[in-house]
Amino acid sequence: MNRDSGAGQHIELDPASGLVRARMHLGDFELTVCTDGTYKLDGGVMFGVVPKPLWERRAAADDQNRILLGLNTVVVRTGKQTVLIETGVGNKQPAKMREIQCNQELLPQSLAAAGIRQEEVDVVINTHLHFDHCGWNTTLHGDGSVTPTFQNARYFAHRGEVEHGRLQLDRDRVSYLAPNYEPLIESGQITLLDTEGIEADPAICPGISVELFPGHTAQLMAVHIESKSAGGVVQHACYISDLIPTSAHLDPTWVWGMTSIRWSALRSASGSTAARFRRTGWFCLRTIMSGLWLASD
Ligand SMILES: [Zn+2]
């Protein structure tokens, strides 16, 4: 185990296995960063209008212009509940997409390596319903059936994401795969949120709330995690999802290409709400390969 120099003394990384990316305590909560492995996406998509000579200094591209990204899942153990934020790409990608993206389908092994049993997960939160955030919501079996991966969990996603996904628009239908969420809607296992601001804690579980940051999608949600330490100090962390997808996008003007509402994304990334969580706690990036948790200051 070693310390991640960019993230402060609470953070421990386990480079030996690569399956458990980091672990930290936040108040009374234990936070573990698990992973669905890595995948590759087009560098141009990742960096939008930023010229390649600039972004290539931060992320090396391969001979097909793809850059390597990680797929972080944050597990919060509150002492009473086990909460999963994001479920990676999963195992339902069509063969052609797997070939292009080289995803690894590691989340079940990662959870096992972290000592987290699938049946003990109480809550699953999808910040939005793109394929790389909700893939392991369900599992594809050898007989072609698809079942919920976390059979005892209540899932949460935004209703607007489902409504948008069902439109299957030319521009983004490749990202919205119905088997990742429709079976959960049919079974009643998913709660669709209508939040336009910060959703009150009881809606999900004490200490966990979500907040809307439009831009990447119209209903992208960040997840706030708050817990009181033994000394009574409230500590705060935030999983900011695709609002700022990697450490290379920390400059708010580096808006990435997968942004349906560019100016909203800029406002979200640089506005007072984003600045607030930068000031008040730790935040976690979804695809960063190192430095998983960044201190606010
Ligand atoms: Zn996304």
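Residues numbered from 1 in each chain as written. Predicted model: local features only at pLDDT ≥ 70, side-chain atom pairs only at ≥ 80, totals over all residues.

**Here's the deal with the overall build of the protein**
Piece 1. What the protein contains, in helices and strands, is nine helices and 16 strands.
Piece 2. Here the protein holds 297 residues, and the buried ones make up 45% of them.
Piece 3. Across the protein, the fraction of contacts at a sequence separation of at least 24, relative to all contacts at a separation of at least 6, is 67%. (Helix = DSSP H or I, 4+ residues; strand = E, 2+ residues; numbered from the N terminus. Buried ≥ 20, exposed ≤ 12 C-beta atoms within 10 Å, placed from the backbone. Contact = placed C-beta atoms within 7 Å.)

**Here we look at unusual backbone geometry**
Piece 1. Phi at Cys102 is positive, roughly 55 degrees, even though this residue is not glycine.
Piece 2. Looking at where Cys102 falls in the secondary structure, it is placed in the loop between α3 (95–101) and α4 (107–113).
Piece 3. For Cys102, a count of 14 C-beta atoms within 10 Å translates into the label partly exposed.
Piece 4. A positive phi angle, close to 55 degrees, is found at Ser241, a residue other than glycine.
Piece 5. Tracing the backbone shows Ser241 in the loop between β14 (234–239) and α8 (262–270).
Piece 6. Taking the C-beta count within 10 Å as the criterion, Ser241 has 28 such neighbours and is therefore assigned buried.

**Here we look at the confidence of the model for the protein**
Piece 1. The predicted model of the protein averages 83 in pLDDT, with 79% of residues at 70 or higher.
Piece 2. The spread of mean pLDDT over the elements of the protein runs between strand β1 (residues 2–3), the lowest at 30, and strand β8 (residues 138–140), the highest at 98.
Piece 3. Note on residues 1–12: pLDDT under 50 across the span, and 29 contacts to partners over four residues away in sequence or across chains. (pLDDT = per-residue confidence, 0-100.)

**Quick look at the pairing of strand β6 (residues 82–85)**
Piece 1. Burial along β6 is two-sided: Thr82 and Leu84 facing one way and Val83 and Ile85 facing the other are all buried.
Piece 2. With four bridges connecting them, strand β5 (residues 66–77) and β6 associate as antiparallel partners. Bridge assignment links Arg77 to a residue of β6, and that residue is Thr82.
Piece 3. In sequence, β5 turns back onto β6 through a hairpin of four residues, with Gly79 there showing a positive phi of about 105 degrees.
Piece 4. By the bridge criterion, three bridges tie β6 to strand β7 (residues 123–125) in an arrangement that is parallel. (Pairing = 2+ DSSP bridges.)

**Focus: the environment of Ala178**
Piece 1. Within the secondary structure, Ala178 is located in the loop between α6 (159–167) and α7 (182–187).
Piece 2. Given 15 C-beta atoms within a 10 Å radius, Ala178 is considered partly exposed.
Piece 3. A C-alpha to C-alpha distance of 9.7 Å links Ala178 and Gln168, two positions ten residues apart in sequence.

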